[in-house]
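The residues making up each chain are set out below.
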Amino acid sequence: MLSFYVLSLIVTAKAELLPGSCSFQESTCDYVSDPGFLSWTLDPSGHFITVEERVQEDQGKAVLLGPDVDQQDWSCVRVVYQVTAGASLQVQKRTDAESFDQVLWTTQSPSDSWLIASIDLQNSTETFKIVIEGKLGEEEGSSVSIYEIKISDKYCIECAFEEAHLCGYTNQRNRYMNWRVGRSDDADGTGQYMYVDSTDTRSFQEVAELVSPMTTVPMSGCLSFQYQQDHAGDHLFSLFSRDRAGQYQELWRADLPENNHADWSPEARVWMPVQVDLKAPYPIELVFEGSFNSPHGGYVLLDDVSFSPEFCHAGTEPTFDPSIANCDFESGYCQYVQTVMGSPLWRRVSVKPNIYSAGDHTTGAGSFLLANSRSSLQSGYFSRLSGPPMPGNQKYCLKFFYSLRGLSGADQVLSAYLYYRDGTKQEQIWSQNEKIRNVWIAVELTIQSQKNAQVVFISTCKNVWSCGSVGLDDIKVTLGDCALLASSLSVPSHCDFEAGLCGYTQDKEGDSGDWMLARGPTPTSYTGPRGDHTTGVGHYLHIEASVMLPGHKARLFSSSLRGSREPQCLQFYYHMYGSGIGQLSVYLQTGQENEDKLLWTSLGEQGISWLRASINYQYDQQHQIVFEATRGASVRSDIAIDDVIFERGICREYAGDHIPQLSLSGDNNDIRSMTFK
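Residues numbered from 1 in each chain as written. Predicted model: local features only at pLDDT ≥ 70, side-chain atom pairs only at ≥ 80, totals over all residues. Heavy atoms only, no water.

**With respect to the sheet that holds strand β38 (residues 597–603)**
In step 1: Judged by pairing direction, the sheet is antiparallel, and its five strands sit side by side in the order β32-β35-β40-β37-β38 without closing on themselves. The open sheet terminates on both sides in strands that have one partner only, identified here as β32 (505–506) and β38.
In step 2: In this sheet, strand β35 (residues 553–557) lies alongside β32 in antiparallel orientation, the contact comprising two bridges. What sits directly across from Q506, in β35, is L556. (Pairing = 2+ DSSP bridges. Helix = DSSP H or I, 4+ residues; strand = E, 2+ residues; numbered from the N terminus.)

Here it is in structure tokens:
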């Protein structure tokens, strides 16, 4: 039987540490505590750094700032950590050009032992800092501790299995069958490797799984490793990818001995090289699986897992780019086409902001597609809109917005289908059930098909009396499962108010009203939105004019922003519907001047659409953004905001754009002010 060391008893091997790495043996290296928060403390034993005591009741966060790192190539950050009793831990990346830190990884799961987080960092030309943020829980004994931070110039899935932490690879523990660490002549000479031995088998079809760290950024290329087998005909050795939903996909399986012409005798000890094309556009982990049917099934050895960003084979198709299926219809139909066989078409239209009919979802004053419009109303027809073909054997997240228009019935007037390219029967994947009018409703669908397919939107008009108009806008396709994408890392610079105020706070001294979190219509008729901008059925912030007096103000402060020498883009959606609407303004507050700097303002009624505002500004010192709403002359003065986004650089589209003040009279109020394109 092979000699081995159980995973928990492996020997520690030292490795060269790159800048930004620290073992916290005798010092904190170049890591320092942010003085604005709790302090991290080096443990008296000198082996880790920790935060475990609140100084004040409301101060439970500690921020650890790393040194400047100038690592331009792909790198892997490994953090050995422990959190207890309701605490949480985040690893962030900070650059001078951003006002917000990028969240790389986060956990709230308590543990009674040291765990390893592996985080891939893509190629970068910018100097950055690693920022560690620990938050204590409310429970007694809550703590956050860091044992080691290591930055290496490798991909996190690469491993030679020479170090104590095994590069974050874990044995998926089985009662009998487990991957273990062997030490003798490995693929590079003398060293460590992983192995699984059939002598541990106790029942039929025992399986041992060795699992890599989960990838954290999209990657594709050539995965390489080496392996040995004994009694290869009596077991299976396979490689799978596994996504966060637990779905497996086989990437490779070892050939039977008669197919690879290798000498598998124990004396030969042949290391076989393997190369596998890997496409990981969303988080996956590698699973090396050994399956045995008896105690006499031999063994499998594994070593030297490596990765290259170039595919192994020149003919491999690149990872499909799903963005070709994205369209906001501002400049045309993109890759969407219609079947022209005498049927009325989807028509591209725009609506001037007015108080009767909502505009598009993208900007509130742009273009969208409309089916069953008055100009094309016919009974018993189908309008088909077909998207671009998408390769099979892939998982997609399809998101789009639809809006019911007009006054007539609208039961299931819109459906989505998958049409298979081989001509087989189509599959319905969604049908409209919501009946809310003049609100853009978000739909998210996870699509997975083994065949090449295309998404087709079908609008149905059964008869003239039950045929409602329906709008379609902002179609977006990404790779991955919608549920997993929605639960992925939060983006501090984006706030849709679905999980609260995102760090925004009310002005308790300088105003006379509050911003309120709401869902659905506001309490007062003929003012305020009917739904939010994010999904149509979610949350937004608004001022409730019925509890304020004319001229009263409500001020909302962002969290403190670091500032940047580069331009920043602030983008948000606002809603100003009501005959008594007052004013909405956005200010820059620096704390160094007597007055806030006005960045943007809008006065008076703007119609029933959510309108997009884009503001370019630059300030290189600490500051805050202030949203100030002023109540107008009557209770019909509810003002709302949603989907606030800060981005680096000039606003990509409609830079500096602001919907002009509109005179809501004459043709602008007429539902017939729709423009067909």
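**Let's talk about the state of the cysteines**
In step 1: Tallying each qualifying case throughout the model produces eight disulfides.
In step 2: At a sulfur-sulfur separation of 2.0 Å, the disulfide partner of C222 is C312. Between C222 and C312, the disulfide has an S-S torsion of 105° and is therefore right-handed. Of this pair, C222 sits in strand β15 (residues 219–230) while C312 sits in the loop between β20 (299–308) and β21 (337–338), and the two are 90 residues apart along the sequence.
In step 3: A relative accessible area of 6% places C222 in the buried class.
In step 4: Covalently, C495 is tied to C502 through a disulfide, its sulfur atoms 2.0 Å apart. Taking the sign of the torsion about the S-S bond as the criterion, the disulfide between C495 and C502, at about 75°, is right-handed.
In step 5: For C495, a relative accessible area of 3% corresponds to the buried category.
In step 6: On the basis of relative accessibility, which here comes to 39%, the residue C502 falls in the partly exposed class. (Disulfide = S-S within 2.5 Å. Buried < 20%, exposed > 50% of the residue type's maximum accessible area, 1.4 Å probe, protein only.)

**Here's the deal with the sheet that holds strand β8 (residues 115–121)**
Hydrogen bonds between backbone atoms are what pair the strands of a sheet, whose relative direction is either parallel or antiparallel.
In step 1: Spatially, β2-β3-β10-β5-β8 is the arrangement adopted by the five strands of the open sheet, whose pairing is antiparallel. This sheet does not close on itself; its edge strands, each paired only once, are β2 (41–42) and β8.
In step 2: Here two bridges tie β2 to strand β3 (residues 49–51), and the two strands are oriented antiparallel to one another. When the sheet's bridge partners are listed, L42 is paired in β3 with I49.

**Examining unusual backbone geometry**
Glycine aside, residues mostly have negative phi, and peptide bonds are mostly found in the trans state.
In step 1: Positive phi outside glycine occurs at C502, with the angle close to 55°.
In step 2: Mapped onto the fold, C502 is located in the loop between β31 (494–495) and β32.
In step 3: The phi torsion at Y526 lies on the positive side, around 60°, for a residue other than glycine.
In step 4: Checked against the element boundaries, Y526 lands in the loop between β33 (516–519) and β34 (539–543).
In step 5: Among the residues examined, Y526 registers a relative accessible area of 55% and is labelled exposed.

**Concerning the packing of aromatic side chains**
In step 1: Applying the stated criterion across every chain yields a total of 32 aromatic pairs.
In step 2: Taken together, the ring pairs connect W179, F225, Y227, F237, W252 and F288 into an aromatic cluster.
In step 3: Here the basic side chain of K93 rests over the ring of F128, its NZ or CZ set 5.0 Å away from the ring centre.
In step 4: Over the ring of Y420 we find K451, and its NZ or CZ is 5.3 Å from the ring centre. (Phe/Tyr/Trp six-rings, centres within 6.5 Å; stacked < 30°, edge-to-face > 60°. Lys NZ or Arg CZ within 6 Å of the ring centre and 35° of its normal.)

**Quick notes on the side chain of S145**
In step 1: Relative to the assigned elements, S145 resides in strand β10 (residues 143–152).
In step 2: A polar side-chain atom of S145 sits 2.9 Å from a polar atom in the side chain of T50.
In step 3: Once you skip the residues sitting within four places of it in the chain, S145 turns out to touch F48, I49, T50, V80, Y81, Q82 and W114. (Polar contact = N/O pair within 3.5 Å; in protein donor to acceptor, adjacent residues only side chain to side chain. Contact = heavy atoms within 4.5 Å.)

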